[in-house]
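# Architecture at a glance
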Amino acid sequence: MAAQGDKSSALEDDGAQTAPIKFKILAGQSNYKLAEEVAAYLGMPLMQATVGRFSDGEVSLQLKESVRNVHIFVIQSTCPPVNDNLVELFFMIRCLRRASAKTVTAIIPYFGYARQDRKTQARVPISASDVAMMLESAGTDRVLAVDLHCGQIQGFFHHTPVDNLNALRDIAPYLVREVLPNFKDDPICIVSPDAGGVARAKLFMEVLGKLGVCNLSLAITVKHRSSPGVVEGMNVVGEIEGKHCIIVDDMIDTAGTLCKSADTLMEMGAKSVLACATHGLFNGSALERIEKSVMSHVIVADTIPAKDNAPSKIKVVSCSALLAEAIACIQYGQSVSSLFEVRMTPVAQRISLADVLP
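Residues numbered from 1 in each chain as written. Predicted model: local features only at pLDDT ≥ 70, side-chain atom pairs only at ≥ 80, totals over all residues. Heavy atoms only, no water.

### Quick look at the environment of L258
Stated precisely, the cut-off is as follows: Going along the chain from the N terminus, every DSSP run of H or I of four or more residues is numbered as a helix, and every run of E of two or more is numbered as a strand. When checking whether two residues touch, look at their non-hydrogen atoms; a contact exists if any pair is within 4.5 Å.
Following the sequence through the fold, L258 ends up in helix α7 (residues 256-267). In this structure the C-alpha to C-alpha distance between L258 and I247, which are 11 residues apart in sequence, comes to 8.1 Å. Dropping the residues within four chain positions of it, L258 is found in contact with I247, I252, A275 and M295.

Okay, structure coming up:
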């Protein structure tokens, strides 16, 4: 059965209209709510399937619809429990391949193992590369991710094109509408938590500039670690005294370093501190730390399901319409470059399938 929202091509052959381009969306268990929102923006239901676990923890999967000669988009974040969600994604792709799906696009809003992208010591795996090999061997035709931890992960896929969307471009308009009016004309400093995040912080500053925010500057925190995961001291490169500081990162894990950075910035004279990140993992005591921290806001995307007990200072910006627009562009052969443009209106308000459907 063709998915709702399909359109027939305007091209005709011998007076007969060609068959519609059929595509469906299959949702994994890791972020089902996000998948539902993506399907809603596209005006179609999620594909009927049973995805669960057997009593011993093994993945149980059955497709309830035919996928023969159909383009399938699988939505599955490989967030905690990482290995369970990754294996579930692998089996969904293999099941679709055995069921004769025409193409399989893996939409991975949060790409697990992304931080293991190089060898930091002897005899350790490059897990991000190995996950890429695993997904390619499963039969993935295309991968769509959101804010990969590092850009070179795209190169780990040797035969599969990868689109790396940037959710910070939609977090920025939310910040401008909901938070920055309180700062009036005070100076603002965009802070990178480490040297590796400077490019991301600089991009975020440029996005804010295009949205009309003035009086911006850039700073970097330099951490001194006594052991892996333990920050002993911290210095700041840049002028932050008397400024509102916005820490920009791709993810928040246990929030220990983030909260310590916020404390350091306030001690050095910052007027206020808030954080923007794409992926809110919030592992361990992260929520408790954030609740007690000096930060006024922590803004994240919904690439990972929100915690039920999250404090009120955590704000979630949906990336569902961004993914929906990307699906439409990919399916109907349109460029996804427009998704990287800076626009003040939320993506949820600007999506128009008339712009991409034939």
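### Considering the packing of helix α1 (residues 32-41) against helix α9 (residues 320-331)
Filter applied, for reference: Between N-to-C directions, angles cover 0 to 180 degrees, with each direction set by a line fitted to C-alpha atoms, over the stretch in contact for helices. To sort the angles, those under 35 degrees are grouped as roughly parallel, those over 145 as roughly antiparallel, those from 65 to 115 as roughly perpendicular, and the leftovers as oblique. By definition, any crossing whose near helix is turned counterclockwise from its far helix by less than a right angle is left-handed, and any crossing with a clockwise turn is right-handed. Under the scheme applied here, ten amino acids are nonpolar (Ala, Val, Leu, Ile, Met, Phe, Trp, Tyr, Cys and Pro), four are charged (Asp, Glu, Lys and Arg), and all others, including Gly, are polar.
Following both chains from N to C, one finds α1 and α9 inclined at 55°, their axes separated by 8 Å at the closest point. If you check the angle between α1 and α9, you find them oblique. As for how α1 packs across α9, the hand of that crossing is right-handed. Contacts between α1 and α9 involve L34, E37, V38 and Y41 from the former and S320, A321, L323, A324 and I327 from the latter. Of the residues that constitute the contact of α1 with α9, the class distribution is seven nonpolar, one polar and one charged.

### A short note on the layout of surface pockets
The following threshold applies: Residues are said to line a cavity or pocket when one of their atoms sits within 4 Å of a point; the points come from a 1 Å grid over protein atoms alone, cavities being sets where a 1.4 Å probe fits but cannot get out and pockets being open sets with protein on both sides within 12 Å along at least five of seven lines. Grid points are joined across faces, edges and corners, and a volume is the space filled by probe spheres set on the points.
Reported here for the largest pocket is a volume of approximately 1100 Å³. Around the largest pocket sit 40 residues that line it, and R115, H149, D194, D249 and D250 are the ones nearest its centre. Counting only elements with at least two residues in the lining of the largest pocket, the list comes to β9 (162-165), α6 (198-210), β11 (216-227), β13 (244-252) and α7. Estimates place the volume of the second largest pocket at around 170 Å³.

### Structural notes on the sheet that holds strand β7 (residues 103-108)
Rules: Strand pairing is defined by DSSP finding a minimum of two bridges between the two strands.
Within the open sheet, the five strands sit side by side as β3-β6-β7-β8-β9. Their pairing is parallel. Since the sheet does not close on itself, it has two edges, and those belong to β3 (23-27) and β9, each with one partner. When strand polarity is set aside, the average angle formed by the axes of neighbouring strands in this sheet is 20°. For strand β8 (residues 142-146) and β9, the ladder comprises four bridges, and the chain directions are parallel.

### Notes on helix α5 (residues 168-178)
Every α-helix carries 3.6 residues per turn, so stepping three or four residues along brings you back to the same face. Using the following cut-off: When accessible area is computed with a 1.4 Å probe and restricted to protein chains, residues below 20% of their type maximum are described as buried, those above 50% as exposed, and intermediate ones as partly exposed.
With nine of 11 residues buried, α5 lies mostly within the body of the structure. Turning to α5, its buried residues are L168, R169, D170, I171, A172, P173, Y174, L175 and V176.

### With respect to α1
Condition: Along the arc lie the directions from the helix axis toward the C-beta atoms.
For α1, the complete set of buried residues consists of L34, A35, V38 and A39. Projected down its long axis, α1 carries its buried residues within an arc of 135°, all on one side. Away from its buried face by more than 90 degrees, α1 exposes K33 and A40. Buried-residue contacts for α1 involve β3, β6 (71-75) and α9. Two residues or fewer past α1, G43 is found with a positive phi of approximately 70°.

### Considering the nonpolar core
In a soluble, globular protein the nonpolar side chains are often hidden away together inside. As a reminder of what qualifies: To define a nonpolar core, start from buried Ala, Val, Leu, Ile, Met, Phe, Trp, Tyr and Cys residues and group those joined through side-chain atoms within 4.5 Å.
Membership of the largest hydrophobic core comes to 31 residues, with the highest contact counts inside it found for I72, L96, F111, L135 and I153. Secondary structure elements with two or more residues in this core: β6, α2 (82-98), β7, α3 (127-138), β8 and α4 (153-156). What L135 contacts, discounting residues up to four positions off in sequence, is L86, L89, I93, I108, F111, T140 and F157. F23, L46, F73 and C319 belong to the second-largest nonpolar core, a separate cluster that totals 30 residues.

### Examining unusual backbone geometry
A negative phi holds for most residues other than glycine; trans holds for most peptide bonds. Across the junction of P80 and P81, the peptide omega takes the value -5°, indicating a cis bond. By secondary structure assignment, the location of P81 is in the loop between β6 and α2. Non-glycine residue S100 carries a positive phi angle of around 70°.

### Considering the pattern of salt bridges
For clarity, the cut-off: A carboxyl oxygen of Asp or Glu within 4 Å of a side-chain nitrogen of Lys or Arg is what we treat as a salt bridge.
According to the stated counting rule, one finds 10 salt bridges in the structure shown. Of the charged contacts in the structure, one is a salt bridge between R97 and D141, with a shortest N-O distance of 2.1 Å. On the criterion of sequence distance, the pair formed by R97 in helix α2 and D141 in the loop between α3 and β8 is long-range, its members being 44 residues apart. Notably, a salt bridge pairs R118 with D117, separated by 2.8 Å at the nearest N-O pair.

Function cannot be read off these values alone, since they describe shape.
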